[in-house]
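Take a look at the letters that make up each chain.
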Amino acid sequence: METNEAQAVFESKLANNEYIEPKDWMPEDYRKHLIRQISQHAHSEVVGMLPEGNWISRAPSLRAKLVLLAKVQDEGGHGLYLYTAAETLGTSRDEMLDALLTGKAKYSSIFNYPTLTWADIGAIGWLVDGAAIMNQVMLQRTSYGPYSRAMIRICKEESFHQRQGYEIMTRMAFGSPEQKDMAQDALNRWWYPSLMMFGPPDTESPNSEKAIKWRIKRETNDQLRQRFVNQTVVQATYLGLKVPDDKLKWNPEKDGYDYSDPDWNEFKNVIKGHGICNRERINARQKAHDNGAWVRAAANAYSQKQNQQSEAA
Ligand code: 3HC
């Protein structure tokens, strides 16, 4: 097929809400854009295991430990689906991991903040998974088939994660005064970093225009952030907690809350690698990667042997 004809087929698929599949022709920029976003997303899932993993051995009950363990394990699975979806675009797991470990690829800014108390585990489930779902529901209808299918499964699991976090916050907010203070302190520290998860304001988002044009993203960073604020303020009110924003006010004209922006300089600093925990997170991933070298070598040797046997048969 000529390139012009292939381009027309690609565009008509987008216009008709059909999926682009791995063997379909696609513009090189579209492929690169997807590799960037999906691999960053995969890295976020895997690095996101670290702040919560930190609390598995200190969970306050056996039930809480089991639930947290299952949640952290789910995140590892999400990373796996997403790395696999990115591989269908012609990149390799090694290339993606190398980009993460050498600081060339980003992962979500949120995971560079420390988890200081058990209430932080509640705040992560409630706010961080809540923000992730807000963003990811639209990604279930993203234009690239393998990404969309991965997101459908991920969203089902993320909904449990959000409930797990809100359950912890509910227990603490309706518990002793000390527990309620811990819940409030966690909300104070995680609120603005959660707003940063949606990315920079639309006016400063270099990738949004193309992402919307190609139906990779269906809504903009600011639209999703606004929806998250509207939903989360109601949940905080139910818990009797105060969102740490004195400018927060219902605005009937926009049918949503007016709210204060996070500190965008802090955001830029964190994504450049200068957040509180950036170095710790990458060191932990590097150590896990090095410790896993023998597993990768064994898996490769096993698969080579299987291939030799099937060729000989
Ligand atoms: N953290 C780190 N980097 C961020 C960021 C954030 N919160 N928000 C934006 N950026 C980066 C972008 O990657 C881009 O950098 P690059 O061009 O070098 O790759 C730059 O800042 C400009 O941002 P844009 O708005 O132009 O970029 P995007 O259009 O890609 O939008 C996004 C950013 C909303 C994060 C989008 O990439 C996206 O929807 N990604 C898929 C979802 C995702 O990655 N979620 C991670 C959340 S954590 C998670 O899912 C784990 C769960 O278990 C909680």
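The preceding data block contains the structure.
For every chain, the first residue of the written sequence is number 1, and numbering continues from 1 onward in sequence order. Thresholds applied to this predicted model are a pLDDT of at least 70 for local features of residues and 80 or more for the giving and counting of side-chain atom pairs; totals over whole chains, interfaces and linings are not thresholded and use all residues. Side-chain descriptors were evaluated using all non-hydrogen atoms of the structure, hydrogens and water having been removed beforehand.

A. Region of interest: the site of the ligand. Put simply, a residue is near a molecule or strand once any heavy atom of it comes within 4 Å of that molecule or strand. Contacts to the ligand come from 32 residues, most closely from Q40, E75, K106, S205 and K217. In protein, a polar contact requires one atom able to donate a hydrogen and another able to accept it; more generally it is a pair of N or O atoms within 3.5 Å, and residues adjacent in sequence count only if both atoms are side-chain atoms. At 2.5 Å, a side-chain N or O of K106 approaches an oxygen atom of the ligand. Accessible surface area values rest on a Shrake-Rupley calculation with a 1.4 Å probe, where residue burial reflects the displayed protein chains alone. When isolated, the ligand has an accessible area of 1000 Å², and the protein chains bury 92% of it. Contributions of two or more residues to the shell around the ligand are made by α2 (28-47), α6 (118-139), α7 (145-173) and α11 (264-274). Just so you know the grouping, Ala, Val, Leu, Ile, Met, Phe, Trp, Tyr, Cys and Pro go in nonpolar, Asp, Glu, Lys and Arg go in charged, and all remaining residues, Gly too, go in polar. A per-class count over the shell around the ligand returns 13 nonpolar, twelve polar and seven charged. Secondary structure elements follow DSSP: runs of H or I of four or more residues count as helices, runs of E of two or more count as strands, with numbering from the N terminus.

B. Seen up close, the nonpolar core. As used here, the term nonpolar core means buried Ala, Val, Leu, Ile, Met, Phe, Trp, Tyr and Cys residues forming a set that is joined through side-chain atoms within 4.5 Å. Each residue's exposure class comes from its accessible area (1.4 Å probe, protein chains only) as a fraction of the maximum for that residue type: buried when under 20%, exposed when over 50%, partly exposed otherwise. One finds Y30, I38, W118, Y144 and W190 to be the most contacted residues of the largest nonpolar core, which totals 77 residues. In terms of residue count, the dominant contributor to this core is α6 (13 residues). Non-local contacts of W190, meaning those with residues more than four positions away in its chain, are made with I110, Y113, P114, T115, D120, A123, I124, L127 and V128. Between two residues, a contact is recorded if the distance between any of their heavy atoms is within 4.5 Å.

C. Just helix α8 (residues 177-196), in detail. The end-to-end C-alpha separation of α8 is 30 Å, in line with the 28 Å expected for 20 residues at 1.5 Å each. Taken residue by residue, α8 has A183, Q184, A186, L187, W190, W191, P193, S194, L195 and M196 as its buried positions. Buried positions along α8 lie against α6, α7, α10 (221-239) and α11. Multiplying one less than the number of residues by 1.5 Å gives the expected span of a helix.

D. Layout of helix α4 (residues 62-87). Taking 1.5 Å of rise per residue, the 26 residues of α4 would be expected to cover 38 Å, and the 38 Å separating its terminal C-alpha atoms lies within 8% of that figure. Considered for burial, the residues of α4 that qualify are A64, L68, K71, V72, E75, G77, H78, G79, L82, Y83, A85 and A86.

E. Layout of unusual backbone geometry. Phi is positive for N17, which is not a glycine, with a value near 60 degrees. Tracing the sequence through the fold places N17 in the loop between α1 (3-15) and α2. The phi dihedral of R215 is positive, around 55 degrees, even though this residue is not glycine. Following the sequence through the fold, R215 ends up in the loop between α9 (208-213) and α10. For R215, a relative accessible area of 30% gives the class partly exposed.

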